[in-house]
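# Coordinate analysis (summary)
Read off the chains here:
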Amino acid sequence: MAPEPPLLSMSGITKSFPGVRALDGVDLDVQAGEVHCLLGQNGAGKSTLIKVLAGAHQPDTGTIRWRGEDVTLRSPIAAMRLGIATIYQELDLVEHLSVAENVHLGHEPTSAGFVVRGRAAKTSTAQLLKRLGHPEVDPGRLVGDLSAAQQQIVSMARALSHDVRLIVMDEPSAALDPDEVDNLFRIVADLTADGVAVVYISHRLEEIRRIGDRVTVLKDGRAVAGGLPAKDTPTRDVVALMTGRNVEYVFPERPAAPGTGEPVLSVRGLTRHGEFAPLDLDVRPGEIVGLAGLVGSGRSEILETVYGARKPNAGQVLVDGRALRPGSVRAAVRAGLGLAPEERKAQALLMLESVTRNVSVSAMSRFSRGGWIDRGAELKAARAATRELSLRPDNPTAPVRTLSGGNQQKAVLARWLLRGCRVLLLDEPTRGVDVGARAELYAVIRRLADEGLAVLLVSSEVPEVLGLADRVLVLREGSVVHEAPARELDEHRVLDLVMEGSPAS
Amino acid sequence: MTQHVSPPRDGTSKAAPVDTRPAWKNLTAGADVRTLSLLGVLAVLVLIGGITQPDSFLDTRNLQLVLTQASVIGVVTVGMTFVIMSGGIDLSVGAIVALSSVWATTVATQDFGFAGILFTAVVVGVGCGLVNGVLIAYGTMVPFIATLAMLASARGLALQITDGRTQVVTVPGVLDLAERDSYVLGIPPLVLVFAAVTVIGWLVLNRTTFGRRTVAVGGNPEAARLAGIDVRRQRLYIYLLSGLCCGIAAFLLIALAGSGQNTNGNLYELDAIAAAIIGGTLLSGGRGTIIGSVLGVLIFTTITNIFALNNLQTDVQQIAKGAIIVAAVLVQRRTASTH
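Residues numbered from 1 in each chain as written. Chains lettered and ligands numbered in written order. Predicted model: local features only at pLDDT ≥ 70, side-chain atom pairs only at ≥ 80, totals over all residues. Heavy atoms only, no water.

For chain B, an unreviewed UniProt entry supplies the name ABC transporter and the organism Streptomyces parvulus.

Note the following rule: UniProt positions are given in the numbering used here, feature names are shortened, and annotations may be inferred rather than shown by experiment.
Per an unreviewed UniProt entry, the recorded name for chain A is Sugar ABC transporter ATP-binding protein, and the organism is Streptomyces parvulus. Under the Subcellular location (unreviewed entry) heading, UniProt states for chain A: "Cell membrane".

### Description of the overall build of chain B
Inclusion rule: Numbering of helices and strands runs from the N terminus; a helix is a DSSP stretch of H or I covering at least four residues, while a strand is a stretch of E covering at least two. Only protein chains enter the calculation, and the probe is 1.4 Å; a residue is then buried if its accessible area is under 20% of its type maximum, exposed if over 50%, and partly exposed in between. The accessible surface values rely on the Shrake-Rupley method and a 1.4 Å probe; as for residues, cover is taken only from the protein chains in view.
Along chain B, the regular secondary structure elements total 16 helices and two strands. Relative to its 339 residues, chain B shows a buried fraction of 51%. If you sum the accessible surface of chain B, you get close to 14,900 Å²; carbon and sulfur atoms cover 68% of it.

### Examining the nonpolar core
As a reminder of what qualifies: Grouping buried Ala, Val, Leu, Ile, Met, Phe, Trp, Tyr and Cys residues that are joined through side-chain atoms within 4.5 Å yields what is termed a nonpolar core. Contacts between residues were defined by any pair of non-hydrogen atoms, one from each residue, lying within 4.5 Å.
Core analysis: the biggest nonpolar cluster contains 130 residues, and Met169, Leu265, Tyr307, Leu337 and Leu425 of chain A have the highest contact counts within it. The leading source of residues in this core is helix H5 (residues 148-160) of chain A, at seven residues. In this structure, Tyr307 of chain A is in contact with Ser328, Val329, Ala332, Val333, Leu337, Gly338, Leu339, Trp416 and Leu425 of chain A together with Leu226 of chain B, ignoring residues within four places of it in sequence. Judged by nonpolar contacts, the second largest core, of 75 residues, contains Leu38, Leu42, Ala158 and Val294 of chain B.

### Things to note about the sheet that holds strand S10 (residues 197-201) of chain A
Residues and elements named next belong to chain A. Just so we agree on the cut-off: In short, DSSP must find at least two bridges between two strands for them to pair. Comment: axis = line fitted to C-alpha atoms, over the contacting stretch for helices; angle = value between 0 and 180 degrees taken between N-to-C directions.
Read across the open sheet, the six strands follow the order S6-S9-S10-S3-S11-S12; overall the sheet is mixed. The open sheet has two edge strands with one neighbour each: strand S6 (84-87) and strand S12 (222-229). Neighbour to neighbour, the strand axes of the sheet diverge by 15 degrees on average, direction disregarded. Note that strand S11 (residues 214-219) and S12 share five bridges and pair antiparallel. Paired with Leu218 across the two strands is Ala223, which belongs to S12.

### Considerations on the sheet that holds strand S14 (residues 276-283) of chain A
Residue and element names in this part refer to chain A. In spatial order, the strands read S14-S13-S16-S17; together these four strands make up an open sheet with antiparallel pairing. On the outer flanks of this sheet lie S14 and strand S17 (322-323), each paired with one strand and no other. In this structure, strand S13 (residues 265-272) lies alongside S14, joined through five bridges in antiparallel fashion. Along S14, the bridge assignment pairs Leu270 with Leu279. In the packing of helix H9 (residues 299-306) onto the sheet, the strands contacted are S13, S14 and strand S16 (314-319), and the crossing angle to S13 comes to about 120 degrees.

### Structural notes on the pattern of salt bridges
Residue and element names in this part refer to chain A. We apply this condition: Throughout this description, the term salt bridge denotes a Lys or Arg side-chain nitrogen within 4 Å of a carboxyl oxygen of Asp or Glu.
Tallied over the full model, the rule gives 28 salt bridges over all chains. In this structure, Arg131 engages Asp194 in a salt bridge whose closest nitrogen and oxygen atoms are separated by 3.5 Å. Here Arg131, found in helix H4 (residues 118-131), pairs with Asp194, found in the loop between helix H6 (178-193) and S10; they are 63 residues apart in sequence, far enough to count as distant. Residue Arg131 is classed as partly exposed on the basis of its relative accessible area, which comes to 42%. Between Arg254 and Asp470 there is a salt bridge; the shortest N-O distance is 4.0 Å. Here Arg254 is found in the loop between helix H8 (235-243) and S13, whereas its partner Asp470 is found in the loop between helix H16 (462-468) and strand S23 (471-476), with 216 residues between them in sequence.

### What about the side chain of Thr397 of chain A?
All names here are of chain A. Our working definition: Whenever two N or O atoms come within 3.5 Å, that pair is a polar contact, provided that in protein one can donate a hydrogen and the other can accept it, and provided that, for residues adjacent in sequence, both atoms are side-chain atoms.
By the secondary structure assignment, Thr397 is in the loop between helix H13 (375-388) and helix H14 (405-419). Residue classification places Thr397 among the buried positions, given a relative accessible area of 17%. Reaching out from Thr397, the side chain makes a polar contact with the side chain of Asn395 at a distance of 2.8 Å.

### Some details on the environment of His57 of chain A
In this structure, His57 of chain A sits in the loop between helix H1 (46-53) and strand S4 (61-66). The residues touching His57 of chain A, leaving out its near neighbours within four places in the chain, are Lys15, Phe17, Thr48, Lys51 and Val52 of chain A.

### Some thoughts on the interface of chain B and chain A
In plain terms, the rule: Joining two parts hides part of their accessible area as seen by a 1.4 Å probe, and the buried area is that hidden amount summed over both.
Between chain B and chain A, the residue contacts involve 37 residues of the former and 38 residues of the latter. Between chain B and chain A, a total of about 3,200 Å² is buried, with carbon and sulfur atoms accounting for 56% of that surface. Where chain B meets chain A, there are two salt bridges. Residue Arg330 of chain A pairs with Asp230 of chain B through a salt bridge whose shortest N-O separation is 3.7 Å.

### Comments concerning the domain arrangement of chain A
Often, the extent of an interface is quoted as the loss of accessible area upon association of its parts. Stated precisely, the cut-off is as follows: Start and end positions for the domains come from either an automated domain assignment or a database one.
Along its sequence, chain A is carved into domain 1 (1-83 + 163-247), domain 2 (92-162), domain 3 (274-336 + 422-504) and domain 4 (352-419). Relative to domain 4 of chain A, the C-alpha centre of domain 1 of chain A lies at a distance of 41 Å.

### Re the packing of helix H10 (residues 189-207) of chain B against helix H15 (residues 290-309) of chain B
Residue and element names in this part refer to chain B. For clarity, the threshold we go by: Each angle is binned into one of four classes, with values under 35 degrees roughly parallel, values over 145 roughly antiparallel, values of 65 to 115 roughly perpendicular, and all other values oblique. Each residue is assigned to one of three groups, with Ala, Val, Leu, Ile, Met, Phe, Trp, Tyr, Cys and Pro labelled nonpolar, Asp, Glu, Lys and Arg labelled charged, and all others, Gly among them, labelled polar.
Between H10 and H15, the shortest axis-to-axis distance is 9 Å and the interhelical angle comes to 150 degrees. The angle between H10 and H15 places the two elements in the roughly antiparallel class. Contacts from Phe194, Thr198, Gly201, Trp202 and Leu205 of H10 reach H15 at Ile290, Ile291 and Val294. Partitioned by chemical class, the residues of the contact of H10 with H15 number six nonpolar, two polar and no charged.

### Quick look at the confidence of the model for chain B
Residue and element names in this part refer to chain B. As a reminder, the rule being used: The quantity called pLDDT is the predictor's confidence in a given residue, expressed from 0 to 100.
Confidence in the prediction for chain B averages 87 pLDDT; 89% of positions are at 70 or higher. Every residue in residues 1-31 scores below 50 in pLDDT, and together they form 48 contacts with partners more than four places removed in sequence or on other chains. Predicted as a complex, the structure gets a pTM of 0.81 and an ipTM equal to 0.81.

### Regarding a nonpolar patch on the surface
Residue and element names in this part refer to chain B. Condition: Note on patches: the residues involved have over 30% relative accessible area and no salt bridge, like charges join within 9 Å, and the nonpolar side chains Val, Leu, Ile, Met, Phe, Trp and Tyr join within 5 Å.
Taken together, the side chains of Val131, Leu135, Met141, Val142, Phe144, Ile145 and Leu148 make up a nonpolar region of the molecular surface, amounting to roughly 570 Å² of accessible area. The dominant element in the nonpolar patch, judged by the number of residues it contributes, is helix H8 (residues 143-162), at three residues. Taking relative accessible area as the criterion, Leu148 reaches 40% and is therefore assigned partly exposed.

### A look at the packing of helix H4 (residues 60-85) of chain B against helix H13 (residues 231-257) of chain B
All names here are of chain B. Contact geometry of H4 with H13 gives a least axis separation of 8 Å together with a crossing angle of 175 degrees. What the angle tells us is that H4 and H13 run roughly antiparallel. Here H4 contributes Thr68, Ser71, Val72, Val75, Val76, Gly79, Phe82 and Val83 to the contact with H13, which in turn contributes Ile238, Tyr239, Leu241, Ser242, Cys245, Ile248, Ala249, Leu252, Leu253 and Leu256. Considering only residue class, the contact of H4 with H13 consists of 14 nonpolar, four polar and no charged.

### Re the state of the cysteines
Residue and element names in this part refer to chain B. We apply this condition: Note that a disulfide, as used here, is simply two cysteine sulfur atoms within 2.5 Å.
On inspection of all chains with the given rule, the structure shows zero disulfides over all chains. Cysteine Cys246 remains unbridged, with the sulfur of Cys245 as its closest cysteine sulfur at 7.0 Å. Note on Cys246: relative accessible area 0%, which makes it buried.

### So, the UniProt feature "transmembrane region" (unreviewed entry) in chain B
All names here are of chain B. Feature annotation in UniProt places "transmembrane region" (unreviewed entry) on residues 31-51, 63-84, 142-162, 182-205, 236-258 and 290-309, given in this structure's numbering. Helix makes up 100% of residues 63-84 and strand 0%, with an end-to-end C-alpha separation of 29 Å. Between the end C-alpha atoms of residues 142-162 the distance is 30 Å, and the span holds 95% helix and 0% strand.

### Observations regarding H10 of chain B
Selection rule: Residue count minus one, scaled by 1.5 Å, sets the expected span of a helix.
In this model H10 of chain B runs 26 Å from its N-terminal to its C-terminal C-alpha over 19 residues, within 8% of the 27 Å that 1.5 Å per residue would give. For H10 of chain B, the full list of buried residues reads Pro189, Leu190, Val191, Phe194, Val197, Thr198, Gly201, Trp202, Leu205, Asn206 and Arg207 of chain B.

### Some words on the environment of Ala454 of chain A
Mapped onto the secondary structure, Ala454 of chain A falls in strand S22 (residues 454-459). Sequence spacing of Ala454 of chain A and Leu424 of chain A is 30 residues, and the spatial spacing of their C-alpha atoms is 6.2 Å.

### Section: unusual backbone geometry
Between Arg392 of chain A and the following residue, Pro393 of chain A, the backbone shows a cis peptide bond with an omega angle of -5 degrees. Tracing the sequence through the fold places Pro393 of chain A in the loop between H13 and H14. Of note, the phi angle at Glu477 of chain A is positive, near 45 degrees, even though the residue is not glycine. With respect to the secondary-structure elements, Glu477 of chain A resides in the loop between S23 and strand S24 (479-485). Unusually for a residue other than glycine, Leu267 of chain B sits at a positive phi of about 60 degrees. Within the secondary structure, Leu267 of chain B sits in the loop between strand S2 (259-260) and helix H14 (268-278).

Listed below in structure tokens is the structure:
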């Protein structure tokens, strides 16, 4: 007997957005009745892939086969008609409509074609909710009045109100407490018992162990592993696939004795409830300190709190021993801090503006008098900063959006160089940067440190932290579990710490 | 997305020359496709006016009239351009003009003469801008709502002050401004004020840190905040600036009409927004030019004039204006997508 063709078979899917190749030839096979887990860091391409599957994005190339036949998913409605439902992390419910109205949105039971039969909608909704283990949710209530967990149930009821064969769940457990997660898993088990396939996205590896059948790992827009057995693949291997690099990078050489002076940046007892535990750290001039941890370990939150972009619940940030006003970016910038944020386009760059104006924006007082800008001086200063970092093209009037990811990052660094900042906070500095351009960026960062800058680096890529930093703090769920000089650590040790969190020694 | 890009964009140039061109060339550097097309539209309108009414349209007095009419709304539009570029909106400009014009023409104010009227008009405008700015920047109210509330209150207050009556101005110095005797080289003083506001607005937007911050806040507020810009203070200043422009416009209107009325400035908010949009200002913020907005004002005023000379009624004018707004936005989207 010939083996049953997979329910869904995506192959060679590519999708590019301006400046980014989000998917680079991804394959995904899903069997009827299985829970197929999709793993990957932020930016690995998971969201893009499920949007292609939901019909919300059209792939540039690649084929999608559904029950053995080639299909084109032109729109979300086309995907829904085939029986593919997606439950997004950002729930797509209308808050001001009732539960029943949301469940039947777009396919309301009607009389004479347009009169909505409210009672029928409520009855069928109540049945769906009961099947999902939440009979207490009243179909007549407004969705906006429900808890996050209940809203998710409504979203699932909506998926089930269609004749669904595949449900995509994007981090469904993120907003749930443990009891609710158990219920979710029971629902998933019921669905698969009925032959429905589930594509399950989560960062929590222990969940994947519990309910997953097979795992596909995405990284940098590629499937680095497809269809691994979810229960038997060692955790370390999975994490190594998510964070590791296939290419060996050349990291710049470390100075023999980095950062011997007094710390320029000190963090004492900095806390944000629910994000990270009281944190202490020091960074000296010339030193690169790295924070390693998975998504959800509080990495970015720590950096943004140090920078004043988030207000801490407790603790202090000191520069040269002087405490900064908490929660004030301007105080941090004035004291000499500079941030290169994770989302460069959304958080750092003025995409409609030229390189020069992006570089000069934080240091305008340096070449203006009484608010009047000396544009000659501005151009000269910005050009000096961009040349120092070998930003390409060497054209100060080029719109910043035409630059590659690596050069956009250099424009952000040049901004702080021009400002004369003394502490550089780098959040995922090579995210969205071409593989070839990374080594150059590493060299630039090292050189800035050698020239006396203190650098605090956050990265989900363990080799990057180990290769670039002098000293590494390993984070797990918002707490530092280990601290050591980078040369005393290796990737496996860090991954063990990141996953298991053995106590700091 | 071209107006800030001055030299030819050869991204590969090894060492683009430092910008040493004379200042006037930088002025024309802003004359990109969009500005040229606006000038083209204006030229076509002048041509139409000249053909349909050869005697009356190109008459010096008529051209002086068109420019004078453009002055009041033009000054408001310069302020509005800053507001929209910063990602905001100011629906209250017409009401502020009305309130300023009636407050500055009460009997009590007129006792203080020319200076009293000018001072009151400007202070009332800035005061309204202050309220808008504080509500929006520090009260985190949506600009649409905050300025809508200001629209309602300022109009109400203007009605309360005048009780619906026209307040005739008796101060000679103010009335003289609109008289032919005071024209400078054939240019009405009101038009000179408009020209001065335009030039200053251009300089502030393109040559000062204030202008840069406006663009940054409008283009990407989060990036502006993380770059160390005081986003809230900048927003406050921008609404103050809009209020100031309304105050100046109110003074011009007082001189022009010789009175203050609570119905002044009716629907100025729509005309100013429309002129800015036609001029290429992005409603979501971060992009726009003063020159484009001023050309937008001139186009609208010229159309009104040509229609009036040809005895076409306001209803036809309104329809034509609506069509022009739609056409302008469609053309801009086309040019934006090809860049």
